[in-house]
Amino acid sequence: MVGKRVALVLGSGGARGYAHIGAIDVLTERGYEIVAVAGSSMGALVGGLHAAGKLHDYTEWVTSLNQRDVLRLLDVSLNGPGVLRLERVLARMTDYLGGVMIEDLPIPYTAVASDLGARREVWFTSGPLETAIRASIAIPAMITPIMVNGRLLVDGGVLNPVPMEPIMGVDADFTMAINLSGEKGHHVGSSPTRESAAQRPPNEWLDRFRRSAAGVWENDFIVSIMSRFSRIDEAADPPLYDPPPAGLGITDVTWMSLDAMGSLITRYRLAALPPDILVTVATDSAKAMDFHRAAELIALGRTLTEAALDDAFGEEVADGPLTVNRQLELEAPGA
């Protein structure tokens, strides 16, 4: 008989974190008891709401939001250390949590943030839950950082996107981690690419751009870039370098950078401390700011988690054998 006690780790990745809700739903429906949860960024938010018994209320709210609703909720700040203040979102979080303290939660919970001054992780295991969540979700350059006890805190995913360490001492039958930085067509950590700084004709690199950009930008945007460069007169003297593609904003650059960094950090950290079951959500399944796609991403989390449990334990998940330290990586359908 397979034990039913699971220690759960929920990774960072913006809106892709809605997949965590689907994963928790599947575990609950199949009778697993989540005996501890640790998370970074959206993982800290979803995990904290689950631990506080408020995840259902939050899910009903986010699945009702359309793109216009999301834009209204994001408090834009042009002069501060972050583009977004999230005051409206945080007010809703306060309504849900109502001053809940981490030490009073029914299961052990850890929210991971990053201390910019000390350059180290901060694990919140006590104190106000909403403060811990707010610190953990402060995406650099996007969401305003906060100060807690003299520490300047930003997103936990900066240093530990999938924080396995906080749950390793927990009395559980197995560990499960949800990684939101899965790679598609990119093998982070492989040998560096050697490139000349001399500009080559567009026909030599346009196809490579098309392949690498797939899943990062919309297809019509890729087509417009290829069309623009394909019209360049190859007989003319090429410039020393090209400007970034038109339409590429600071949000795109920030998220692409964080995804690249997070994928590499996650690969190395999970190699040293692997979970028993690893569910991987590919980065191209959604943009990090697609907070209007909650229902779709929750469904994706369900699908991936169901497949992971079935593969690890067999269809009769209560009776199959558990292979310790077995990892299953699944990407979005069609990935």
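That block above? That's the structure.
What you see is a predicted model; the values in this text were computed from it and never measured. (Residues numbered from 1 in each chain as written. Predicted model: local features only at pLDDT ≥ 70, side-chain atom pairs only at ≥ 80, totals over all residues. Heavy atoms only, no water.)

Peer 1: Before we go on, may I ask you to explain helix H10 (residues 294-313) in this structure?
Peer 2: In an α-helix, one turn spans 3.6 residues; hence positions three or four apart end up facing the same way. Under the 1.5 Å per step criterion, the end-to-end length of H10 is 28 Å for 20 residues, consistent within 8% with the ideal 28 Å. Every buried residue belonging to H10 is among Ala294, Leu297, Ile298, Leu300, Gly301, Leu304, Thr305, Ala308, Leu309, Ala312 and Phe313, and all of these are buried. In a view along the axis of H10, the buried residues occupy a sector of 160 degrees, so they form one face of it. (Helix = DSSP H or I, 4+ residues; strand = E, 2+ residues; numbered from the N terminus. Expected span 1.5 Å × (residues − 1). Buried < 20%, exposed > 50% of the residue type's maximum accessible area, 1.4 Å probe, protein only. Arc of directions from axis to C-beta.)

Peer 1: Could you clarify how one ought to interpret the side chain of Ser40 in this entry?
Peer 2: Inspection of the secondary structure puts Ser40 in strand S2 (residues 33-40). A polar side-chain atom of Ser40 sits 2.8 Å from the main-chain carbonyl oxygen of Asn160. When near neighbours in sequence (up to four residues on either side) are disregarded, Ser40 contacts Leu10, Gly11, Ser12, Val112, Ser136, Gly156, Gly157, Asn160, Pro161 and Pro163. (Polar contact = N/O pair within 3.5 Å; in protein donor to acceptor, adjacent residues only side chain to side chain. Contact = heavy atoms within 4.5 Å.)

Peer 1: I would appreciate a short explanation of a nonpolar patch on the surface in the present structure.
Peer 2: Taken together, Leu116, Met147 and Leu152 make up a surface patch of nonpolar side chains, about 270 Å² in accessible area. The topology assignment puts Met147 in strand S7 (residues 146-148). (Patch = residues over 30% accessible without salt bridge, like charges linked within 9 Å, V, L, I, M, F, W, Y side chains within 5 Å. Areas by Shrake-Rupley, 256 points an atom, 1.4 Å probe, with all protein chains shown as cover. Salt bridge = Lys/Arg side-chain N within 4 Å of Asp/Glu carboxyl O.)

Peer 1: I would appreciate a short explanation of the packing of helix H2 (residues 42-51) against helix H6 (residues 129-136) in the present structure.
Peer 2: Packed helices, taken two at a time, are described by the angle their axes make and the gap between the axes. For the pair H2 and H6, the least separation of the axes is 8 Å and the interaxial angle reads 160 degrees. Taken together, the axes of H2 and H6 lie roughly antiparallel to each other. Note on packing geometry: the crossing formed by H2 with H6 is left-handed. Taking contact as the criterion, the partners of Ala44, Leu45 and Gly48 in H2 are, on H6, Leu129, Ile133 and Ser136. Residue composition of the contact of H2 with H6, by class: four nonpolar, two polar and no charged. (Axes fitted to C-alpha atoms, helices over the stretch in contact; angles between N-to-C directions. Parallel < 35°, antiparallel > 145°, perpendicular 65-115°, else oblique. Left-handed = near helix turned anticlockwise from the far one by under 90°. Nonpolar A, V, L, I, M, F, W, Y, C, P; charged D, E, K, R; others polar.)

Peer 1: How should I be thinking about the nonpolar core in this particular structure?
Peer 2: The tendency in soluble globular proteins is for nonpolar side chains to be buried side by side. Core analysis: the biggest nonpolar cluster contains 66 residues, and Tyr18, Leu45, Tyr58, Tyr109, Phe124, Met176 and Ile277 have the highest contact counts within it. If you tally residues by element for this core, the top one is H10, at nine residues. Core analysis: the second largest hydrophobic core is formed by ten residues, Ala7, Ala38, Ile167 and Leu278 among them. (Core = buried A, V, L, I, M, F, W, Y, C linked by side-chain atoms within 4.5 Å.)

Peer 1: Would you explain unusual backbone geometry in this entry?
Peer 2: Notably, Ser41 is not glycine yet its phi reads approximately 55 degrees, a positive angle. Structurally, Ser41 is set in the loop between S2 and H2. Judged by relative accessible area, which is 3%, Ser41 ranks as buried. Positive phi is not limited to glycine here, since Asn149 has a value of about 50 degrees. Among the secondary structure elements, Asn149 is positioned in the loop between S7 and strand S8 (151-155).

Peer 1: What exactly am I supposed to notice about the pattern of salt bridges here?
Peer 2: Close approach of charged atoms allows side chains of opposite charge to pair. Counted under the stated rule, the structure contains ten salt bridges. Close ionic contact of Glu29 with Arg302 constitutes a salt bridge, the shortest N to O distance being 2.8 Å. Linking Glu29 in helix H1 (residues 18-29) with Arg302 in helix H10, this pair joins segments that are 273 residues apart in sequence. Residue classification places Glu29 among the exposed residues on the basis of a relative accessible area of 56%. Put simply, Glu121 and Arg269 hold a salt bridge, and the shortest N to O gap is 2.9 Å. Linking Glu121 in strand S5 (residues 120-124) with Arg269 in helix H9 (residues 250-272), this pair joins segments that are 148 residues apart in sequence. By sharing partners, the salt bridges in this structure join Glu29, Arg302 and Glu306 into a single network.

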